[in-house]
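Observations on the model geometry
Okay, here's what each chain looks like letter by letter:
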Amino acid sequence: MKWLKEENGIEENSLFGLYLIQDEKIIDCNQKLARILGYEREQLINLSIYELLDQKEHKSVQANINKRLNNKLTSFHHRKYVKRQDGSYLEVEINGSLTIYNNKPAIVGTVIDYNEVLNKNEMVDDRSNYDLLTGLPNRSIFEYELDNLLENMNDATPFAVMYLDLDDFKQINGNLGHDIGNQLLIGFSQKIKEYVGPDDFVARLNGDEFALLVTGFAEYENVHKLAKDIIALFEEPLVVGKYEVFLSISIGISVYPYSGDDKASLLKSVDIAIYQSKEIGKNNYQIYTPQMNIASYKTFTLKNDLHKAMKSDELEIYFQPRIDPVTNKIVAAEALIRWVHPKWGIVPPKEFIWLAEETGMIISIGDWVLRNVCLQIQKWQNQGYEPITISVNFSPVQFLQSDPSSKIIEIIQQMNIEPKWLEIEITESVLLDNEQQVTSVIEKLRRYGIRFSIDDFGTGYSALNYLKKFNVDLIKLDRSLIKDITQDKYSFEITHALNELAHTLGLKVVAEGVEEVEHLKLLKEMNCDEIQGYLFSEPVNTDEFERLLSDGECVPDIIKEQPVVENKREYFRLSFEYPLGADMTVNRVAGKKVQMGSTEVLIEDISAGGLRFISNVKLPARKDWVLSFHTEVMEQSPTMYGHIVWQHELEDGIYRYGLMFTYEEKDKENMIQLVNKLQVKLKNTPLLPNSRFIDQEKITYMQ
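Everything in this summary refers to the structure shown in the same document. (Residues numbered from 1 in each chain as written. Predicted model: local features only at pLDDT ≥ 70, side-chain atom pairs only at ≥ 80, totals over all residues. Heavy atoms only, no water.)

What about the packing of aromatic side chains?
Tallied over the full model, the rule gives 14 aromatic pairs. For the pair Phe159 and Tyr256, a centre-to-centre distance of 5.0 Å together with 15 degrees between the ring planes defines the contact as stacked. Of the two residues, Phe159 sits in strand S6 (residues 159–166) while Tyr256 sits in strand S11 (residues 249–256), which places them 97 residues apart along the sequence. Residue classification places Phe159 among the buried positions, given a relative accessible area of 0%. An angle of 65 degrees between the planes, with centres 4.7 Å apart, marks the rings of Trp344 and Trp625 as edge-to-face. Taken as a pair, Trp344 in the loop between strand S14 (330–341) and strand S15 (345–347) and Trp625 in strand S26 (residues 625–630) lie far apart in primary sequence, 281 residues in all. (Phe/Tyr/Trp six-rings, centres within 6.5 Å; stacked < 30°, edge-to-face > 60°. Helix = DSSP H or I, 4+ residues; strand = E, 2+ residues; numbered from the N terminus. Buried < 20%, exposed > 50% of the residue type's maximum accessible area, 1.4 Å probe, protein only.)

See below:
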C-alpha cells in the first residue's frame, strides 16, 4: 500500500479496494481489497490477475488492458464477477485509469463490493444510489439520511449540513485530464471520510460537490472549527502520479435548527451559504444565518432560474457602440447579453455568466448569442444600414469544446454573412488557461476572416507576452486604466505606452469605460482608434441601437442638448455632505413576505417623500418590490419603507436609486420632523455623532 498512499494521497482504511497492476500482476493493494477477495494482502502481491477471473474472461480482459496501455481509452469501469480464494464468485464494480510506476505504464483503480455497501440499510437496495468512483453514497441517500436525522432530533440537538465544492476543479480536469481528476476526487473523498467522526455522514452529490451531515457537536463554535480544519486538510498537495495538486474548497453550512427546521429550508440555506462562500473567494466557508445579504439571495435565485431563461425567452442582446473619436462615427459595437429576469429586472452578464459556466449552460447560451448576433448583422445589412463589425465575448469554457471553430464557421455560413463583420473578444484568462488550443482556434478562424481582440487588456501579469504569442487584430484597454488617466500619472503613461506599442505592431486600440470629456481629449491626442463608454452611449437594446445606426454617428452625452426638467418635488429634499449608512432588505415581493438578510447602502439625500441611495446590488424599479431601510441618526433608529422608481449605473457594479416612501400619514409627519431637525443639526456638524454618516468617498466605500 506504500505506493498507493504516497503517490495518490489515499490511506489504508478505504471504503473500497485499491489496486496497482503492472505486467498483468498485482503490484500493490490495500487490506480492503484483500478482505473483499478473501486473501491475506501478502498473498495478492505479485499474483496474476487471471487467478481472480473466470477462464472465459481472460481474452477480453487482456484486450482491455492492451487498449489502456496503448492509451486508446481514457478510463474504464466494468461490472464483473471475480473469484475469491475459497472458489466462490462475487459481483464487483472495477474502475481503473492509466498511470506510471517505476517509469513503466501501470493501471491504478478501485474495486467496490456492493453487497457490503448496500446491506447497511434496507432503503439502499439499489446500487445506483452509490457513486461508482468514490464509493460514497449519492444525493438520494444523503437526503434519506437527512430525513432520518430530522425525524430523530429534538429542538435542543443541533446538527450541521455542509456542502463542499472544489474550487476550479473543471480547470484541473481540463489541464491534467479526467484520469488525474478522478484520482484527485478519490483522494479528496478519502481524506474527508477519514477526518470526520464515525457517526458523521459523507456523500458525493455530483462532479466536484460533496455533502456532510455532522452531529454530536456541543457548541456552535465547533462548526467553525470543523470547517477550518477541513480547509486545513488540503494545505499540503495531493500527489497523483507525477503531479502535486493543491486543492482549495468552498464550504457552505446550515445548522439545524438555527438555519432551518425542515429539509427544504436547510438545503436552501446551505445552497445560499456556499454561493456566498464562492463570492468571498477560495478556501472559505460561510454558515447561513437569516441575516445573509440580498446579494447572496439574488445569486441563489438566479442559479435556480437560469435553466428557464432560454426556454422562457428572457435573454436579450444589447449593443454598445464603438466610436471613431475624430468623426464620432459608429464603426463597431459590442454585443452584450442581458437577462430580463421576471423578478430582478435586467441582470447584467457579470452576475450570471459565471453561473452559466459552472453549470455548463454557457455552451448553449454562447451558441444562442452568436447565432442571434449573426442574424442581426444579416438583418441590418438587408435593411440598408452601413455594415459595421459586431464583437462577441467568448468564455474560456467555450474554447474547451471539441473543435469550437467548426461550430462558429457553421453558424456564420447558416446566417449567410461575411466573416469580416464578426469579431471575437477573448480575455487574458482564456489565453492563460488554454494556450495551445486557443492558438489553434484563433489561427483557423482568422484564416476564415474573423477578427480577434483581447478584452480587458493591461490588467494581466503577462499581457505584453500575449501580443507576441497570439495573432489578434486589436486590443481593448481595460476601464481600470482609462478612469484614472486624467489624475494618475502612471495610468496615463501605461495607457500611452500600450497604445503606441499596439500601433507599432499594427494593432488597433479600443479604449473601454470612457465616461468623461477629459478622457476623450487625452485619448484623441494619443490617436486611440476607437472609444467605447457611457460618454457616448450605454449598452442599448436592438431598437435603440437601430436609431443610433440611422443617425450614423454618436455625439458625447455632455454635448447633447439637455431638456429642462421642472422640479416638481412635493417635499423639501435634504442632501448629505457625507452619506448616511443604512441596512437595506427586501421586505415584500408581489405582496408576499420575503425573509432575507440586509445589505449596507449609502443614503445621499432624503425627504418626507423618499430618498436617494447607492448600492453595489442591482435591483429592479418595481412598485411590487417593497424595500426597508434601517439606520441610526441623532440617537434615533428609524425604519423606512418604499419602492424604487428609478435607477442609474454610476460605474461598473455601483448603482444609484430613487426610492418613494410608502407609509401611513402619521409616519409621514414623523419623517418631516426628522428631516427638519436633521437640516438644522447638519448646518454646523456635517458628521453628526451617534449617527451612521460615512467619512469616505462613496464609490470607494461601496466597492
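Having seen the model, we can carry on.
With respect to the nonpolar core
Among the nonpolar cores identified, the biggest contains 135 residues, and Phe142, Phe545 and Phe613 are the most heavily contacted of them. Here this core gets eight residues from one element, more than from any other, and that element is helix H13 (residues 362–382). Other than its neighbours up to four places away in sequence, Phe613 contacts Met584, Val601, Leu602, Ile603, Glu604, Leu627, Phe629, Ile644, Tyr655, Arg656, Tyr657 and Leu659. Within the second largest apolar cluster, 39 residues are counted, among which are Leu184, Leu212, Val223 and Val255. (Core = buried A, V, L, I, M, F, W, Y, C linked by side-chain atoms within 4.5 Å. Contact = heavy atoms within 4.5 Å.)

Some points on the pattern of salt bridges
For side chains of opposite charge, pairing can occur when their charged atoms come near one another. Under the criterion given, the structure shown has 32 salt bridges. The residue Lys476 makes a salt bridge to Glu334 at a minimum N-O spacing of 3.0 Å. Taken together, the residues span a long stretch of sequence, with Lys476 in strand S19 (residues 474–477) and Glu334 in strand S14 at a distance of 142 residues. Because the salt bridges share partners, they merge into one network encompassing Arg573, Glu604, Asp605, Arg612, Arg656 and Lys698. (Salt bridge = Lys/Arg side-chain N within 4 Å of Asp/Glu carboxyl O.)

Quick word on helix H19 (residues 489–504)
The end-to-end C-alpha separation of H19 is 22 Å, in line with the 22 Å expected for 16 residues at 1.5 Å each. Among the residues of H19, Ser491, Thr495, Leu498, Asn499 and Ala502 are the ones counted as buried. Viewed along the axis of H19, the buried residues span an arc of 100 degrees, placing them on a single side of the element. Set apart from the buried face of H19 by more than 90 degrees, the exposed residues are Lys489, Tyr490 and Thr504. Trailing H19 by a residue or two, Gly506 shows a phi angle of about 80 degrees, which is positive. (Expected span 1.5 Å × (residues − 1). Arc of directions from axis to C-beta.)

Remarks on a nonpolar patch on the surface
Where nonpolar side chains cluster on the molecular surface, the patch consists of Val645, Trp646 and Met660 and spans about 270 Å² of accessible area. By secondary structure assignment, the location of Val645 is in strand S27 (residues 639–651). By relative accessible area, Val645 is classed as partly exposed at 41%. (Patch = residues over 30% accessible without salt bridge, like charges linked within 9 Å, V, L, I, M, F, W, Y side chains within 5 Å. Areas by Shrake-Rupley, 256 points an atom, 1.4 Å probe, with all protein chains shown as cover.)

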